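# Fold and contact review
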2 protein chains.
Amino acid sequence: MTEEVTRALTAAERACRTKGLALTPVRRRVLQLLLESPAPVKAYDLLASLKPDGGAQPPTVYRALDFLTRAGLAHRIEALNAYTACVHVGGRGSAELYICEACGLVEERHRHRAPEDGPDGFHINRSVVEHYGRCSACATAQASA
Amino acid sequence: MTEEVTRALTAAERACRTKGLALTPVRRRVLQLLLESPAPVKAYDLLASLKPDGGAQPPTVYRALDFLTRAGLAHRIEALNAYTACVHVGGRGSAELYICEACGLVEERHRHRAPEDGPDGFHINRSVVEHYGRCSACATAQASA
DNA sequence: CTCCGGTATGTTATAATATTTCATCGGGTG
DNA sequence: CACCCGATGAAATATTATAACATACCGGAG
């Protein structure tokens, strides 16, 4: 486990403790897998990664992912049916994700929406914002090819 | 069939003809179902609606939906695994959708992105923008309850 | 006309994603 | 201890989507 992952896990533990949330072993393990992956991970890939430990079943993974996303420790990427660790440990609410279709890199931005956005009187609870394309490295690689 | 749906279908036919696309019977029928629904429709609900006509199979529906979304006549709502007719017949590219979680109403906005958005050098191919909440009618209904 | 290539559709099967349901465990609290 | 509650285990199943291959139809080339 890289030092970076360790630090992120420690930070997650602290965040959960202060919020009264239980970062149990399964949840912690799933978060670790997300942190270690360079690209978004599918639920069944997580499941496969957990198998060696003990015979995990789908609900185990989905529950852990549900917890992590609620806790703001991970994001679900809707258009990919995949998940990624959140890099802004303290970031509340919804992020905008920039997903490289070449290398899988996910960059995260938090932006507050201008209030005049959207139809009159529409009250937004939750937003999904995902941009697909090429990250800067892959865009230049492609251009030179 | 309401007059509004008829008009939309006619417009779709014209749009396809000018682009050299074939709005075949299945595709047209699926578009009609989308237009007639007040809320987003799931693929398997479309499938069920098509059954009476002839024994349609999943690929039939998914192909039609694929065509319609490519042609800009429908949108896939990623976080719901559902589909809705596009109300901007001529609108190209990606829309921002405002989806009422109470009544299912989908409003559509097209917005051009400021170029400074996103990480440096990231090249966006496609964006998914979905806002979930309450439409103006449902928001006031809820407030009074 | 006939053949051919391409697009669209039909058909069967199966893959991939996700949830329901009920049982069990373990830790805190009265 | 007895109880409750949140978390996990386990089995089954529901939902969403695609693969793979066969067939049909239509246009143009020969």
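Predicted, not measured: the structure shown is a model, and the values here were computed from it.

To continue, consider the pattern of salt bridges. All names here are of chain B. For the structure shown, the criterion picks out eight salt bridges over all chains. For the salt bridge of Asp66 with Arg70, the shortest nitrogen-to-oxygen distance reads 2.9 Å. Pair noted here: Asp66 and Arg70 are both in helix α4 (residues 58-70), with a separation of four residues, about one helical turn. By relative accessible area, which is 68% here, Arg70 ends up exposed. Among the ionic pairs, Glu78 bridges to Arg76, the shortest N-O distance being 3.0 Å. We classify Glu78 as buried; its relative accessible area is 8%.

Our focus in this paragraph is the protein's contact with DNA strand D. What surrounds DNA strand D is a group of 17 residues, the closest being Thr24(A), Arg63(A), Lys42(B), Tyr44(B) and Arg76(B). Near-protein atoms of DNA strand D (within 4 Å) split between backbone and bases, with sugar and phosphate holding 47%. One nitrogen or oxygen atom from the side chain of Thr24(A) is found 2.3 Å from a phosphate oxygen belonging to DNA strand D. Of all elements in the fold, only α2 (25-36) and α4 (58-70) of chain A together with α4 of chain B reach the threshold of two or more residues within the surface near DNA strand D. Residue composition of the surface near DNA strand D, grouped by class: seven nonpolar, five polar and five charged.

With an RMSD of 0.0 Å, the operation that places chain A on chain B is a rotation of 180 degrees combined with a shift of 0.0 Å along the axis. Both copies of the chain, as the preceding transformation shows, are related through a two-fold rotation axis. Across chain A, the smallest distance between a C-alpha and the rotation axis is recorded for Val129(A), namely 2.3 Å. A share of 100% of interface residues in chain A that are also interface residues in chain B marks the association as one of identical surfaces.

In this section: the protein's contact with DNA strand C. Near DNA strand C you find 16 residues, and of these Lys42(A), Tyr44(A), Arg76(A), Thr24(B) and Arg63(B) are the closest. A breakdown of the atoms of DNA strand C within 4 Å of the protein gives sugar and phosphate a share of 43%. Between DNA strand C and the protein, one listed contact pairs a phosphate oxygen with a side-chain N or O atom of Lys42(A) at 2.4 Å. Thr24(B) places a side-chain nitrogen or oxygen 2.3 Å from a phosphate oxygen of DNA strand C. Among the secondary structure elements, those contributing two or more residues to the surface near DNA strand C are α4 of chain A together with α2 (25-36) and α4 of chain B. Here the surface near DNA strand C takes four residues from α4(A), the largest share from any one element. Split into classes, the residues belonging to the surface near DNA strand C amount to seven nonpolar, four polar and five charged.

Residue and element names in this part refer to chain B. Put simply, the second largest pocket is a space of about 570 Å³. Listing elements by their share of the lining of the second largest pocket, those giving two or more residues are α1 (3-19), α2, β3 (82-85) and β5 (106-109). The greatest single-element share of the lining of the second largest pocket, amounting to five residues, is contributed by α1. Across the lining of the second largest pocket, the residue classes tally to 17 nonpolar, six polar and five charged.

This brings us to the domain arrangement of chain A. Residues and elements named next belong to chain A. We note that the domain assignment places domain 1 (3-85) and domain 2 (96-144) within chain A. When each unit is reduced to the centre of its C-alpha atoms, the spacing between domain 1 and domain 2 is 22 Å. The partner domain 2 presents eleven residues to the eleven residues of domain 1 that form the contact. Three residues, His75, Ile77 and Glu78, lead the burial of domain 1 against domain 2; their summed loss comes to 48% of the area buried on that side. Applying the counting criterion to the domain 1 and domain 2 interface returns zero salt bridges.

The sites that carry the UniProt feature "binding site: Zn(2+)" (unreviewed entry) are, in the present numbering, Cys100(A), Cys103(A), Cys135(A) and Cys138(A). These annotated residues cover 39 residues of sequence, and their C-alpha atoms lie no more than 8.1 Å from one another, placing them together at a single site. Along the chain, Cys100(A) turns up in strand β4 (residues 96-100). If sequence neighbours within four positions are ignored, Cys100(A) has contacts with Leu105(A), Gly133(A), Arg134(A), Cys135(A), Cys138(A) and Phe122(B). Residue classification places Cys138(A) among the buried positions, given a relative accessible area of 16%. Leave out the neighbours within four places in its chain, and Cys138(A) touches Cys100(A), Ala102(A) and Cys103(A).

Procedures and definitions
Residues numbered from 1 in each chain as written. Chains lettered and ligands numbered in written order. Predicted model: local features only at pLDDT ≥ 70, side-chain atom pairs only at ≥ 80, totals over all residues. Heavy atoms only, no water. Salt bridge = Lys/Arg side-chain N within 4 Å of Asp/Glu carboxyl O. Helix = DSSP H or I, 4+ residues; strand = E, 2+ residues; numbered from the N terminus. Buried < 20%, exposed > 50% of the residue type's maximum accessible area, 1.4 Å probe, protein only. Near = heavy atom within 4 Å. Polar contact = N/O pair within 3.5 Å; in protein donor to acceptor, adjacent residues only side chain to side chain. Nonpolar A, V, L, I, M, F, W, Y, C, P; charged D, E, K, R; others polar. Least-squares fit on C-alpha atoms with pLDDT ≥ 70 in both. Contact = heavy atoms within 4.5 Å. 1 Å grid on protein atoms, 1.4 Å probe; cavity = no way out; pocket = protein on both sides within 12 Å on 5 of 7 lines; lining within 4 Å. Points joined across faces, edges and corners; volume = space filled by probe spheres on them. Domains from an automatic or database assignment. Buried area = accessible area lost by both parts, 1.4 Å probe. UniProt positions renumbered as here; feature names shortened; annotations may be inferred.

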